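The lines below spell out each chain.
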Amino acid sequence: MENHIFNREMECIRRPELERLQLERLRSLVDYCDRNVEFYHKRFQAAGVSADRIKALSDIHHIPYTTKDDLRDNYPFGLFSVPMKEMVRLHASSGTTGNPTVVGYTQEDLDNWSEQVARLACAAGADENTVVQICFGYGMFTGALGLHYGLERVGATVVPTSSGNTEKQLKFMRDFGTNAIVATPSYCLYLAESARERAEEFPMEQYRLKLGILGSEGSTPEMRTSIEQRWGGDFFATDNYGLSELNGPGMSGECLMRDGLHINEDHFLCEVIDSATGEVLEPGSTGELVVTNLTKRGLPMLRYRTKDITNICYEPCACGRTTARMHKIIGRTDDMLKIRGVNVFPTQVESALIGVTEISPHYQLVVRRQGYADTLEVRVELIDGSLLDRYGELEALQRRIHDRIKAILGIEITVSLVEPKSIERFTGKAKRVVDLRSEC
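Residues numbered from 1 in each chain as written. Predicted model: local features only at pLDDT ≥ 70, side-chain atom pairs only at ≥ 80, totals over all residues. Heavy atoms only, no water.

## Side note on the overall build of the chain
- Scanning the chain for helices and strands turns up 11 helices and 21 strands.
- For 440 residues, the compact-globule estimate of 2.2 N^0.38 gives 22 Å, and the C-alpha radius of gyration of the chain, at 23 Å, lies within 12% of that figure.
- Seen along its three principal axes, the alpha-carbon backbone of the chain occupies a region of about 70 × 55 × 40 Å.
- Here the chain, with 440 residues, has 55% of them falling under the buried criterion.
- For the chain, contacts bridging at least 24 residues in sequence account for 69% of all contacts bridging at least 6.
- Accessible area of the chain: about 19200 Å², with a carbon and sulfur share of 48%.
- For the chain, the distance from the average site of its 52 positive side-chain charges to the average site of its 63 negative ones is 2 Å. (Helix = DSSP H or I, 4+ residues; strand = E, 2+ residues; numbered from the N terminus. Rg over C-alpha atoms; globule rule 2.2 N^0.38 Å. Buried < 20%, exposed > 50% of the residue type's maximum accessible area, 1.4 Å probe, protein only. Contact = heavy atoms within 4.5 Å. Areas by Shrake-Rupley, 256 points an atom, 1.4 Å probe, with all protein chains shown as cover. Lys, Arg positive; Asp, Glu negative; His and termini not counted. Charge placed at Lys NZ, Arg CZ, Asp CG, Glu CD.)

Structure below.
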């Protein structure tokens, strides 16, 4: 595949020029927020911040962080900077833990958003010959519509199937000649498994999938390899990243090199901090990602704490782009489990499981409390259910998986091997952790 570049001027910009643009936009944003958002005006007054105080990009540290709680506390429109007549769209999170986070877009915001997504879609390999099936749920979730308009902007043909109804998804893929898919990694994998189960009636040769633009949940390189192998052929999966609070998908995404996710740095100013102390870390360090959306106007966002853990490389990429690249998300500070003093991320367990041929990539981590200690059970789904009756083989497999996981985590865990298809599949984000500590 040729590595197309959608906006060469910005994606290949020299870093000194980029940093001058970022500083100009940061100063403008601080002034804009001070004048138009009461929340930020009060924060700036308390911190002694004004646009005049921002003389270098490093001066961003004077600005207080913004958190998801700030959005919830100001529900629904307290952080909006323009009257409702200037908003052309609203999105919101599910709000499963309190008020949802509401985001609003002016027409300028939507234009910028589609440009951001178009760059990343193009970097992944999409063009005017792409027929892309969007398997994200349409609605208040930003993922589907964000990718929809960005892909249309590169000239792709969009098939907005939304989530669920796997039989129809597969039928449209075969009948429409779909050659690209937008989905969560777990649902893309499930679709491949479902297609293979029907291969006697509908051979895999009837599917023309070549490109996966996957996101909305974390996945390991091992999971990606598993997805590519199950679809077969030349299927090539890429990762992208974004948050509703910052627009939605479009902040960063992989090119064909798959050597990190290119950040649209003319729109997003990123920092990496120590999540415990809030201290900004040196370039290349691993920590919590903090993002300022430099061009968002309907809902400005300054130094937003994402809770996602990553690191950033500022070296130019072999693809020709000069924009910084963030590492695939390692985990989330709020998804991290602390088991007997050890930090555990679901992705660490996933890395250990992928490649064990007797099991599927579907798993769950079950956390319980026994006495004063937390315990971790890793539930793993078998491919061949008859193995449950062959106790010697089952025990050997259980021990092998246990040792692989323990070697990575360094703590004792329990492995439970369960029947095929007994772990719930998700058309959206997969639920990897079941925390039962409150029930003990």
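## Overview of the pairing of strand E12 (residues 301-310)
- With 8 of its 10 residues buried, E12 lies for the most part within the structure.
- Summarising the sheet, strand E11 (residues 287-293) and E12 pair through 5 bridges and their orientation is antiparallel. Bridging from a neighbouring strand, Val290 pairs with Arg305 of E12.
- Pairing geometry for E12 and strand E15 (residues 331-332), over 2 bridges, is antiparallel. (Pairing = 2+ DSSP bridges.)

## Structural notes on helix H8 (residues 185-197)
- With 13 residues, H8 extends 19 Å between its outermost C-alpha atoms, agreeing within 8% with the 18 Å of an ideal straight helix rising 1.5 Å per residue.
- Burial within H8 is extensive, with 10 of its 13 residues counted as buried.
- All buried positions along H8 are accounted for by Pro185, Ser186, Tyr187, Cys188, Leu189, Leu191, Ala192, Glu193, Ser194 and Ala195.
- As for H8, its buried residues are in contact with helix H7 (166-176), strand E5 (180-183), strand E6 (211-214), helix H9 (221-231) and strand E18 (359-370). (Expected span 1.5 Å × (residues − 1).)

## Considerations on the sheet that holds E15
- One open sheet accounts for 4 strands, arranged E10-E11-E12-E15; its pairing is antiparallel. Two strands close off the open sheet at either side, each with one partner strand: strand E10 (268-273) and E15.
- Strands E10, E11 and E12 of the sheet are contacted by helix H2 (residues 15-36), whose axis makes an angle of about 120° with E12. (Axes fitted to C-alpha atoms, helices over the stretch in contact; angles between N-to-C directions.)

## A short note on the sheet that holds strand E4 (residues 157-159)
- Spatially, 9 strands are ordered E4-E3-E5-E6-E7-E8-E9-E14-E13 in an open sheet, and the strand pairing comes out mixed. Of all the strands in the sheet, just E4 and strand E13 (312-313) have a single pairing partner and so form its edges.
- Note: strand E3 (residues 131-134) against E4, 3 bridges, orientation parallel. Following the sheet pairing, Gln133 is matched in E4 by Val159.

## Observations concerning the pattern of salt bridges
- Scanning the entire structure with this criterion turns up 33 salt bridges.
- Here Arg303 ties to Glu271 by a salt bridge, and the two come within 2.8 Å at their closest N and O atoms. Residue Arg303 is located in strand E12, and its partner Glu271 is located in strand E10; the two are separated by 32 residues in the primary sequence. Accessibility assignment for this pair places Arg303 and Glu271 in one class, buried.
- The shortest N-O distance in the salt bridge between Arg399 and Asp403 comes to 3.4 Å. Here the residue Arg399 and the residue Asp403 both occupy positions in helix H11 (residues 391-409), the gap between them amounting to 4 residues, near one helical turn.
- Residue classification places Arg399 among the partly exposed positions, given a relative accessible area of 48%.
- Through salt bridges that share partners, Glu115, Arg119, Arg153 and Asp266 make up one connected network. (Salt bridge = Lys/Arg side-chain N within 4 Å of Asp/Glu carboxyl O.)

## Focus on the environment of Thr106
- With respect to the helices and strands, the residue Thr106 is situated in the loop between strand E2 (102-105) and helix H5 (107-124).
- When the C-alpha atoms of Thr106 and Ala192 are compared, they prove to be 38 Å apart, with 86 residues separating the residues in sequence.
- When neighbours within four sequence positions are excluded, Thr106 is seen to be in contact with Val82, Glu86, Met87, Val88, Arg297 and Gly298.

## Focus: the pairing of E3
- Alternating residues of E3 divide into Val131 and Gln133 and Val132 and Ile134, and every residue in both groups is buried.
- Between the parallel pair E3 and E4, the chain is carried across by helix H6 (residues 142-153), and the sense of this crossover is right-handed.
- Judged from the 3 bridges that link them, E3 and E5 form a sheet pairing that is parallel. In the sheet register, Ile134 faces E5, and the bridge partner there is Val182. (Right-handed = clockwise from strand over helix to strand, strands pointing away.)

## Let's talk about the state of the cysteines
- Using the criterion set out here, one finds 0 disulfides in the structure.
- Free of any disulfide, Cys33 has its nearest cysteine sulfur in Cys270, 17 Å distant.
- Given the relative accessible area of 0%, Cys33 is considered buried.
- No disulfide involves Cys313; its sulfur sits 8.8 Å from the nearest other cysteine sulfur, which is in Cys317. (Disulfide = S-S within 2.5 Å.)

## As for the environment of Thr142
- On the secondary structure map, Thr142 appears in helix H6.
- According to the relative accessible area criterion, Thr142 is buried, its value standing at 3%.
- Beyond its immediate chain neighbours, meaning those up to four positions away, Thr142 contacts His91, Val103, Tyr105, Trp113, Ser244, Asn247, Gly248 and Pro249.

## Some points on the nonpolar core
- With 66 residues, the main nonpolar core has Leu26, Val30, Ile63, Leu151, Met251 and Leu302 as its most contacted residues.
- It is H5 that contributes the most residues to this core, 7 residues altogether.
- Membership of the second largest hydrophobic core comes to 25 residues, among which are Val349, Val356, Val415 and Leu417. (Core = buried A, V, L, I, M, F, W, Y, C linked by side-chain atoms within 4.5 Å.)

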